[in-house]
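Listed here are the chains, written in short residue letters.
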Amino acid sequence: MNDCCCPPPPLNLGGNKKRDAAYRRVLWAVLAINAAMFAVEVVAGLAAGSASLQADALDFLGDAANYAISLLVVGMALRFRAAAALAKGATMAAFGAWVIATVVWHSLHGTLPSAVAMGTVGVAAFAANAASFGLLWAYRHGDANMRSAWICTRNDVLGNLAVLLAAAGVLGTGTGWPDVIVAAIMAVLAIQGAAIVIRQAVGELRVGRLAAAE
């Protein structure tokens, strides 16, 4: 969670075929994982009536789209990679806003989700994101494009742990408040991650424009 305190990584203005090929292999793997888990969680979240599972399902969809964008711009000039990262940061912020709206809706309606479904799907989602986290670990200090992919996955692992805690809380209290609280935490993580990605992407866009003008 200390990404805000780290200095920006060195910028690489050009392409590197060996590195780009490694990027693509990893991105294809995590794209497949996230697309599959979106399909599982969107059905389970609606069936269980869980705000945190629905939020996590949308997060999987957003991540799959982000990885697809990352694949498209791997090897391109810095300004194009930075522009893609900026778009992904905006998507993460939009996800956070959507989750906040979901939290408000569930709070007003006092829904009671299924703790068993939350726990079961939460374990599967955690395993999927842990695998993605491991694959992307080596690229956590890359350019904004690759770093944004790692930050998304880091947030997902934390979110999955929170969903499991929410499932235990719902089971123990018999209320939906633990589910609502966890969904709110996930919104904060999404917005924090968006701020990190957008800040680095804006800096790289400036450098890319200067390089293109020379």
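Caption draft 1: Geometry of the overall build of the protein. The helix and strand inventory of the protein stands at six helices and zero strands. Secondary structure elements in the protein, listed N-terminal to C-terminal, are α-α-α-α-α-α. Per-residue burial over the protein gives 49% buried out of 214 residues. As displayed, the protein has an accessible area near 9,600 Å², and 74% of this comes from carbon and sulfur atoms.

Caption draft 2: The arrangement of helix α4 (residues 115-136) in detail. The first and last C-alpha atoms of α4 sit 31 Å apart over 22 residues, in line with the 32 Å expected at 1.5 Å per residue. By the burial criterion, the buried members of α4 are A115, M118, G119, V121, G122, A125, A128, N129, S132 and L136.

Caption draft 3: Highlighting the layout of surface pockets. In this structure, the largest pocket spans a volume of roughly 220 Å³. In terms of lining residues, the largest pocket is bounded by 18 residues, among which D59, D63, M92, F95 and A190 are the most central. Element by element, the count of residues in the lining of the largest pocket is highest for helix α2 (residues 51-73), at six residues.

Caption draft 4: View of the packing of helix α1 (residues 17-48) against α4. Contact pair α1 / α4: the axes reach a minimum separation of 10 Å and the direction vectors enclose 165 degrees. Compared by their axis directions, α1 and α4 come out roughly antiparallel. The way α1 lies across α4 gives a crossing that is left-handed. Within the contact between the two elements, α1 uses V26, A29, V30, I33, N34, M37, E41, A44 and A48 and α4 uses A117, V121, A124, A125, A128, N129, A131, S132, L135 and L136. For the contact of α1 with α4, the residue count by class is 15 nonpolar, three polar and one charged.

Caption draft 5: Representation of the packing of α2 against α4 within the structure. In the contact formed by α2 and α4, the axes pass within 11 Å of each other and the chain directions differ by 25 degrees. With respect to α4, the axis of α2 lies roughly parallel. The two elements α2 and α4 meet at a crossing, and its hand is left-handed. Contacts between α2 and α4 pair S52, L53, D56, F60 and Y67 from the former with A117, M118, V121, A125, N129 and L136 from the latter. Residue composition of the contact of α2 with α4, grouped by class: eight nonpolar, two polar and one charged.

Caption draft 6: Local environment of the packing of aromatic side chains. Evaluated as defined, the whole model comprises one aromatic pair. Taking the centre distance of 5.6 Å and the plane angle of 50 degrees together, the rings of F133 and W137 count as tilted. Looking at W137, the relative accessible area reads 41%, which means it is partly exposed.

Caption draft 7: A look at the environment of N129. Among the structural elements, N129 can be located in helix α4. Separated by 29 residues in the primary sequence, N129 and L158 place their C-alpha atoms 9.4 Å from one another. Among all residues touching N129, those that are not within four sequence positions of it are N34, F60, T153, D156, V157 and N160.

Caption draft 8: Examining the side chain of N160 more closely. Examined against the element boundaries, N160 turns out to sit in helix α5 (residues 144-173). Among the residues examined, N160 registers a relative accessible area of 0% and is labelled buried. Only 2.6 Å separates the side chain of N160 from the side chain of N129, close enough to count as a polar contact. If we ignore the near neighbours within four places in the chain, the residues touching N160 are D56, G122, A125, F126 and N129.

Caption draft 9: View of the confidence of the model for the protein. Mean pLDDT over the protein works out to 77, with 86% of the residues at or above the 70 mark. Here α2 stands out as the element of the protein with the lowest mean pLDDT, 77, in contrast to α4, whose mean of 88 is the highest. Predicted confidence is poor over residues 1-14, with pLDDT under 50, and the contacts of this stretch with residues over four places away or in other chains come to 29 contacts.

Caption draft 10: How the structure looks around a nonpolar patch on the surface. On the surface, a nonpolar cluster with roughly 380 Å² of combined accessible area is contributed by I100, V104, L108 and I191. A per-element tally of the nonpolar patch places helix α3 (residues 78-109) first, with three residues. When you line up the elements, I100 lands in helix α3.

Rules and cut-offs
- Residues numbered from 1 in each chain as written.
- Predicted model: local features only at pLDDT ≥ 70, side-chain atom pairs only at ≥ 80, totals over all residues.
- Heavy atoms only, no water.
- Helix = DSSP H or I, 4+ residues; strand = E, 2+ residues; numbered from the N terminus.
- Buried < 20%, exposed > 50% of the residue type's maximum accessible area, 1.4 Å probe, protein only.
- Areas by Shrake-Rupley, 256 points an atom, 1.4 Å probe, with all protein chains shown as cover.
- Expected span 1.5 Å × (residues − 1).
- 1 Å grid on protein atoms, 1.4 Å probe; cavity = no way out; pocket = protein on both sides within 12 Å on 5 of 7 lines; lining within 4 Å.
- Points joined across faces, edges and corners; volume = space filled by probe spheres on them.
- Axes fitted to C-alpha atoms, helices over the stretch in contact; angles between N-to-C directions.
- Parallel < 35°, antiparallel > 145°, perpendicular 65-115°, else oblique.
- Left-handed = near helix turned anticlockwise from the far one by under 90°.
- Contact = heavy atoms within 4.5 Å.
- Nonpolar A, V, L, I, M, F, W, Y, C, P; charged D, E, K, R; others polar.
- Phe/Tyr/Trp six-rings, centres within 6.5 Å; stacked < 30°, edge-to-face > 60°.
- Polar contact = N/O pair within 3.5 Å; in protein donor to acceptor, adjacent residues only side chain to side chain.
- pLDDT = per-residue confidence, 0-100.
- Patch = residues over 30% accessible without salt bridge, like charges linked within 9 Å, V, L, I, M, F, W, Y side chains within 5 Å.
- Salt bridge = Lys/Arg side-chain N within 4 Å of Asp/Glu carboxyl O.

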